[in-house]
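# A closer look at the structure
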Amino acid sequence: MSINFKNFVKQVSVNNPNEPEFLQAVTEVVEDLIPFINEHRPDLIDQKILERMVEPERVVSFRVAWLDDKNEIQVNRGFRVQMNSAIGPYKGGLRFAPDVNLSILKFLAFEQVFKNSLTSLPIGGGKGGSNFDPKGKSDQEIMRFCQSFMTELQRHIGSETDVPAGDIGVGSREIGYLFGQYKRLQNNFSGVLTGKGVQWGGSYIRPEATGYGLLYFVQCVLDYHNDTMEGKTVSISGAGNVAYYAAEKAIQLGAKVITLSNSQGTIYDKEGFTLEKLHFIAGLGRDLGKYAKKYSSATYHAKENPWQFKCDIALPCATQNEISEADAKLLIKNGCKIVAEGANMPSTAEAIKVYIQHKILFGPGKAANAGGVAVSGLEMSQNAIGQQWSSEKVDHRLKLIMENIHKTCVRYGKDNNGFVNYLRGANIGGFIKVAEAMKAQGVV
Ligand code: NDP
């Protein structure tokens, strides 16, 4: 008995019509898993482990009605996808963005299962959010929306059931409002959300964790190939949480970071950003054009992404499908050797084929950006034992976790010729633990 890749993907597409992002994520994973299972783990076939893994354990969809500043009623849709709890409570961020839909949240939740397993921490996978657009909303509107959203979500989550965190459009402010409402309704101060403020149960290094972890992973890749970050030219997309701290750590490690971007355009600084320049960018809000007016070494490229500039390392840190096949080819033509994903699924399936074909060292998001959820897991541990660890201790553990993830990728992704296919390594490495747990727990 064996699993047929084409039939499997076809069945997933029939079962999940109009969910292109979910199908893209599943295809990318099972392309590696099916040959592995057929060859090495036929015992998992009649257990229908893969068939079960692509079916969320539970999906909650709910109305979020709230009053805007003009006292008009607004209606959004909220979701929580509880994908897999075989190795721990569901864990994964909340995204508030106008394009949020079930397909996007199911792809993110599916990826999260593998990512969380890779961290070696006991956390399952989930994801949630709303099609609410926080841009241009007042602070009061954000608070009223978060309170209405949590009024429904609170009945589905809990510190040992499902522990959401932030993602695009959900930062420390939103986590604060969500936590406040949860506590008020449940009369319970618990670690039900991560990304909390350090004064009220949060972990040090959580805001920095995804970006820093990304650079620790890239350091491991370079080290494994007898190279270092020193003097490398790095192109980064995005100008949010992940991009900012990725840039900061890259600069601290001696690299030259030349781009940051948002949905309106890209700033390119041929001399590279300094930490001082980075602080200036942080204060700009979304108007990145102002940077090029202040610094003569920089140019602003409206409506363009950063992949046209010559770099050694590309770190996509904005959103899904932001590197097309053409972008991937351009990066390679310009000498890029490493692509490591701070964002989730920022490379299209076609772009990934180009990387593999050209033997680019490609760190997929589920491995490279796992530092965020890893420190969220550490935040859960700190909450459970009523302690708060120092920045140094959390940063040290983050480094160890990223080193371990790199080792797992090498273990399962190394070809006979020595080339490391990090994508295959991450897919198989993340899968095994979840599959074993599902098998042990019976048909549920
Ligand atoms: P933020 O909301 O802090 O920042 C997102 C950034 O990406 C903004 O600069 C935003 O620009 C830009 N962006 C969003 N959508 C688009 C688009 N369609 N085209 C171009 N730019 C866009 O989010 P995060 O930094 O937290 O998240 C970024 C990515 O990292 C996401 O894929 C997320 O899932 C992933 N991630 C985040 C983790 C975390 O800990 N926060 C953990 C692991 C992964 P603009 O303001 O113009 O919209």
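Conventions and cut-offs
Residues numbered from 1 in each chain as written. Predicted model: local features only at pLDDT ≥ 70, side-chain atom pairs only at ≥ 80, totals over all residues. Heavy atoms only, no water. Helix = DSSP H or I, 4+ residues; strand = E, 2+ residues; numbered from the N terminus. Rg over C-alpha atoms; globule rule 2.2 N^0.38 Å. Areas by Shrake-Rupley, 256 points an atom, 1.4 Å probe, with all protein chains shown as cover. Lys, Arg positive; Asp, Glu negative; His and termini not counted. Charge placed at Lys NZ, Arg CZ, Asp CG, Glu CD. Pairing = 2+ DSSP bridges. Axes fitted to C-alpha atoms, helices over the stretch in contact; angles between N-to-C directions. Phe/Tyr/Trp six-rings, centres within 6.5 Å; stacked < 30°, edge-to-face > 60°. Buried < 20%, exposed > 50% of the residue type's maximum accessible area, 1.4 Å probe, protein only. Polar contact = N/O pair within 3.5 Å; in protein donor to acceptor, adjacent residues only side chain to side chain. Contact = heavy atoms within 4.5 Å. Near = heavy atom within 4 Å. Nonpolar A, V, L, I, M, F, W, Y, C, P; charged D, E, K, R; others polar. Domains from an automatic or database assignment.

## Concerning the overall build of the protein
Secondary structure assignment for the protein yields 16 helices and 12 strands. Scaling as 2.2 N^0.38, a compact globule of 444 residues should have a C-alpha radius of gyration of about 22 Å, and the protein matches this with 21 Å. In terms of overall dimensions, the protein has C-alpha extents of about 60 × 60 × 45 Å along its principal axes. Total accessible area on the protein stands at roughly 18,400 Å², and carbon and sulfur atoms take up 49% of it. Computing the positive centroid from 50 side-chain charges and the negative centroid from 46, the protein places the two 1 Å apart.

## Considering the sheet that holds strand 1 (residues 58-67)
Judged by pairing direction, the sheet is mixed, and its five strands sit side by side in the order 1-2-4-3-5 without closing on themselves. Every interior strand has two partners, whereas the edge strands, strand 1 and strand 5 (162-165), have only one. For this sheet, the mean inter-axis angle between neighbouring strands, taken without regard to orientation, is 20 degrees. Of the pairings in the sheet, the one linking strand 3 (residues 90-96) to strand 4 (residues 125-130) comprises three bridges and is parallel in character. The residue bridging Leu 94 from the neighbouring strand is Gly 128, located in strand 4.

## Overview of the packing of aromatic side chains
Applying the stated rule across the entire model yields 22 aromatic pairs. Measuring from ring centre to ring centre gives 6.0 Å for Phe 22 and Phe 110, while their planes differ by 85 degrees; the resulting arrangement is edge-to-face. Here Phe 110 lies in helix 4 (residues 102-118) and Phe 22 lies in helix 2 (residues 20-40), a separation of 88 residues in the sequence. Under the relative-accessibility criterion, Phe 110 is labelled buried at 2%. Between Tyr 212 and Tyr 245 the ring centres are 6.1 Å apart and the planes differ by 80 degrees, which places this aromatic pair in the edge-to-face class.

## Section: the side chain of Asn 334
Tracing the backbone through its elements, the reader meets Asn 334 in the loop between helix 11 (325-333) and strand 11 (338-340). Separated by 3.2 Å, the side chain of Asn 334 and the backbone oxygen of Gln 308 make a polar contact. With residues near it in sequence (within four places) discarded, Asn 334 still touches Gln 308, Phe 309, Lys 310 and Cys 311.

## As for the site of the ligand
By nearness alone, 24 residues border the ligand, and Lys 135, Asp 167, Thr 210, Ser 263 and Arg 286 come closest of all. The separation between an oxygen atom of the ligand and a polar main-chain atom of Gly 342 is 3.5 Å. Burial of the ligand by the surrounding chains reaches 80%, relative to a free accessible area of 900 Å². Elements with a contribution of two residues or more to the shell around the ligand: helix 7 (206-224), helix 8 (241-252) and strand 7 (256-262). For the shell around the ligand, the per-class residue count stands at six nonpolar, 12 polar and six charged. Here the shell around the ligand spans two domains, and each of domain 2 (58-189) and domain 3 (209-359) adds at least three residues to it.

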